[in-house]
Amino acid sequence: MQDLAESFARDGHVLVRGIASRDQIAEYRPVIRDVFESVKDEKQGRIDDYSKLFMQVTNIWRLSDAARQIVFNRHFAQIAAQLLGVKSVRLYHDQALFKPPGAERTPWHQDRYYWPLDTDRTVTMWLPLIDVAEEMGPMIFASGSHHVEALAKLIADRGWPVHSEPLRAGDATFHAGGTLHSAGANRSNKVREILTVIYFASGTRVAQPANENQRVDLEVFLPGVKPGEEAKSAMNPVLF
Ligand SMILES: O=C(O)CCC(=O)C(=O)O
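Residues numbered from 1 in each chain as written. Predicted model: local features only at pLDDT ≥ 70, side-chain atom pairs only at ≥ 80, totals over all residues. Heavy atoms only, no water.

How should I be thinking about the site of the ligand in this particular structure?
In the vicinity of the ligand there are 13 residues, among which Thr106, His109, Trp126, His181 and Arg192 approach most closely. In this structure, an oxygen atom belonging to the ligand sits 3.2 Å away from a side-chain N or O atom of Asp111. One of the side-chain N or O atoms of His181 is found 3.0 Å from an oxygen atom in the ligand. When the ligand is considered free in solution it has 290 Å² of accessible area, and contact with the protein chains removes 94% of it. Broken down by secondary-structure element, the contributors of at least two residues to the shell around the ligand are strand S4 (106–109), strand S5 (122–128), strand S9 (181–183) and strand S10 (192–201). Residue classes in the shell around the ligand are distributed as five nonpolar, six polar and two charged. (Near = heavy atom within 4 Å. Polar contact = N/O pair within 3.5 Å; in protein donor to acceptor, adjacent residues only side chain to side chain. Areas by Shrake-Rupley, 256 points an atom, 1.4 Å probe, with all protein chains shown as cover. Helix = DSSP H or I, 4+ residues; strand = E, 2+ residues; numbered from the N terminus. Nonpolar A, V, L, I, M, F, W, Y, C, P; charged D, E, K, R; others polar.)

Can you help me understand helix H4 (residues 74–84) in this one?
Think of an α-helix as turning once every 3.6 residues; residues three or four places apart then point the same way. Along H4, the positions that sit buried rather than exposed are Phe76, Ala77, Ile79, Ala80, Ala81, Leu83 and Leu84. Near the N-terminus of H4, the side chain that reaches the backbone nitrogen of His75, with its oxygen 2.8 Å away, is that of Asn73. Immediately beyond the C-terminal end of H4, within one or two residues, lies Gly85, with a positive phi of roughly 70 degrees. (Buried < 20%, exposed > 50% of the residue type's maximum accessible area, 1.4 Å probe, protein only.)

Just checking my understanding: could you explain the pattern of salt bridges for this structure?
It is possible for side chains of opposite charge to pair when their charged atoms get near one another. Scanning the model with the defined rule gives 12 salt bridges in all. In this structure, Arg10 engages Asp11 in a salt bridge whose closest nitrogen and oxygen atoms are separated by 3.0 Å. Overall, Arg10 belongs to the exposed group, its relative accessible area being 52%. Under the relative-accessibility criterion, Asp11 is labelled buried at 17%. The partner of Asp171 in a salt bridge is Arg17, and the shortest N-O contact between them spans 2.6 Å. (Salt bridge = Lys/Arg side-chain N within 4 Å of Asp/Glu carboxyl O.)

Just to check I follow, could you spell out the sheet that holds strand S6 (residues 139–142) for this structure?
Within a beta sheet, neighbouring strands are joined by backbone hydrogen bonds and run either parallel or antiparallel to one another. Read from one edge of the open sheet, four strands run S4-S9-S6-S7, paired in antiparallel fashion. Lying at the two open borders of the sheet, with one neighbouring strand each, are S4 and strand S7 (162–164). Each neighbouring strand pair of the sheet contributes to a mean axis angle of 20 degrees, computed without reference to strand direction. (Pairing = 2+ DSSP bridges. Axes fitted to C-alpha atoms, helices over the stretch in contact; angles between N-to-C directions.)

Please explain the packing of aromatic side chains as it appears in this structure.
Geometrically, a pair of aromatic rings is defined through the distance of the ring centres and the angle of the planes. Following the criterion strictly, the structure yields seven aromatic pairs and no others. The interplanar angle of 25 degrees and the centroid separation of 4.0 Å between the aromatic rings of Phe36 and Phe98 together place this pair among those described as stacked. On the criterion of sequence distance, the pair formed by Phe36 in helix H2 (residues 22–39) and Phe98 in strand S3 (residues 89–99) is long-range, its members being 62 residues apart. Note on accessibility: Phe36 and Phe98 belong to one class, buried. Aromatic pair Tyr113 and Tyr114: ring centres 5.3 Å apart, planes at 85 degrees, arrangement edge-to-face. An aromatic cluster is defined as three or more aromatic residues linked by ring pairs; in this entry it consists of Tyr92, Trp115, Phe200 and Phe221. (Phe/Tyr/Trp six-rings, centres within 6.5 Å; stacked < 30°, edge-to-face > 60°.)

Sorry, what's going on with the environment of Arg29 here?
One can find Arg29 in helix H2. For Arg29, a relative accessible area of 24% puts it in the partly exposed group. Excluding its chain neighbours within four sequence positions, the residues that come into contact with Arg29 are Leu129, Ile130 and Glu193. (Contact = heavy atoms within 4.5 Å.)

What is the right way to look at unusual backbone geometry in this model?
Among all residues save glycine, negative phi is the norm, and among peptide bonds the norm is trans. Positive phi, close to 55 degrees, is recorded for Asn59, a residue that is not glycine. Following the sequence through the fold, Asn59 ends up in the loop between strand S2 (55–58) and helix H3 (65–71).

Sorry if this is basic, but what is going on with the nonpolar core here?
The nonpolar side chains of soluble globular proteins are, as a tendency, buried together. Counting 41 residues, the largest nonpolar core has Ile19, Ile32, Ile60, Met125, Leu127, Phe174 and Tyr199 as its most contacted members. The residues touching Ile19, leaving out its near neighbours within four places in the chain, are Gln24, His75, Phe76, Ile79, Met125, Leu127, Gly170, Asp171, Ala172 and Phe174. Core analysis: the second largest hydrophobic core is formed by 13 residues, Leu97, Trp126, Met136 and Phe141 among them. (Core = buried A, V, L, I, M, F, W, Y, C linked by side-chain atoms within 4.5 Å.)

What is the right way to look at the sheet that holds strand S1 (residues 13–16) in this model?
On the basis of which strands lie adjacent, the open sheet formed by six strands has the order S1-S8-S5-S10-S3-S2 and antiparallel pairing. Every other strand in the sheet has two partners, leaving S1 and S2 as the edge strands with one partner each. Across this sheet, the average inter-strand angle for adjacent strands is 20 degrees, counted without regard to direction. Of the strand pairs in this sheet, S5 and S10 are connected by seven bridges, and their pairing is antiparallel. Counterpart to Thr124 in the pairing with S10 is Ile198. Packing against the sheet, H2 makes contact with S2, S3, S5 and S10, and its axis sits at approximately 80 degrees to S3.

In structure tokens, the structure reads:
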């Protein structure tokens, strides 16, 4: 674990092989698919909606007990806490991301641009429910980019090494909120089914929203919490 935490601190992302067993994933997949099918056509209320790229359902944990058990998995949250070097993490939100065959490359972005959280201690787990070969568009990370504040600076500066590799169902990548990332087009004939869970360090305070995305995220994912207050609405349980 020490090695993983060091890689995560240096690169801003890490691949954890076999975080879930193949049997676990075989249980998770129908649960997440069922939730996904039941609400996929409803509007999700977010503005960073990459709807041309994939179908996304947010906060599946609120939609079934079985989905909640998956998202609240303590082992996943413990790894998130260890990577961030903190004692405890809360949930920001989860997402089922289903990228259909033929969908284009996910553009480069930094997640923290969207989040009204006054911390750099955030991490997203990207957990495939199906093996993701190179042609299905695994995540692509610019190693070391999490240390940079803005994309403009990144573009002006020299490039970082770019890292991407296929995953098996049961593996997961973890990336920091500042890590510049993208994902390949889905050139296969299968849907690329992913669960993401976003964690942040317990004790984090809400920042003054710096843009419209953050203002909407504050309303949707931290209901009732004001800038300067601790980020701990009923939607953000402690997971570890
Ligand atoms: O799955 C993808 O294509 C992109 C996911 C992503 O950007 C994220 O989980 O932060």
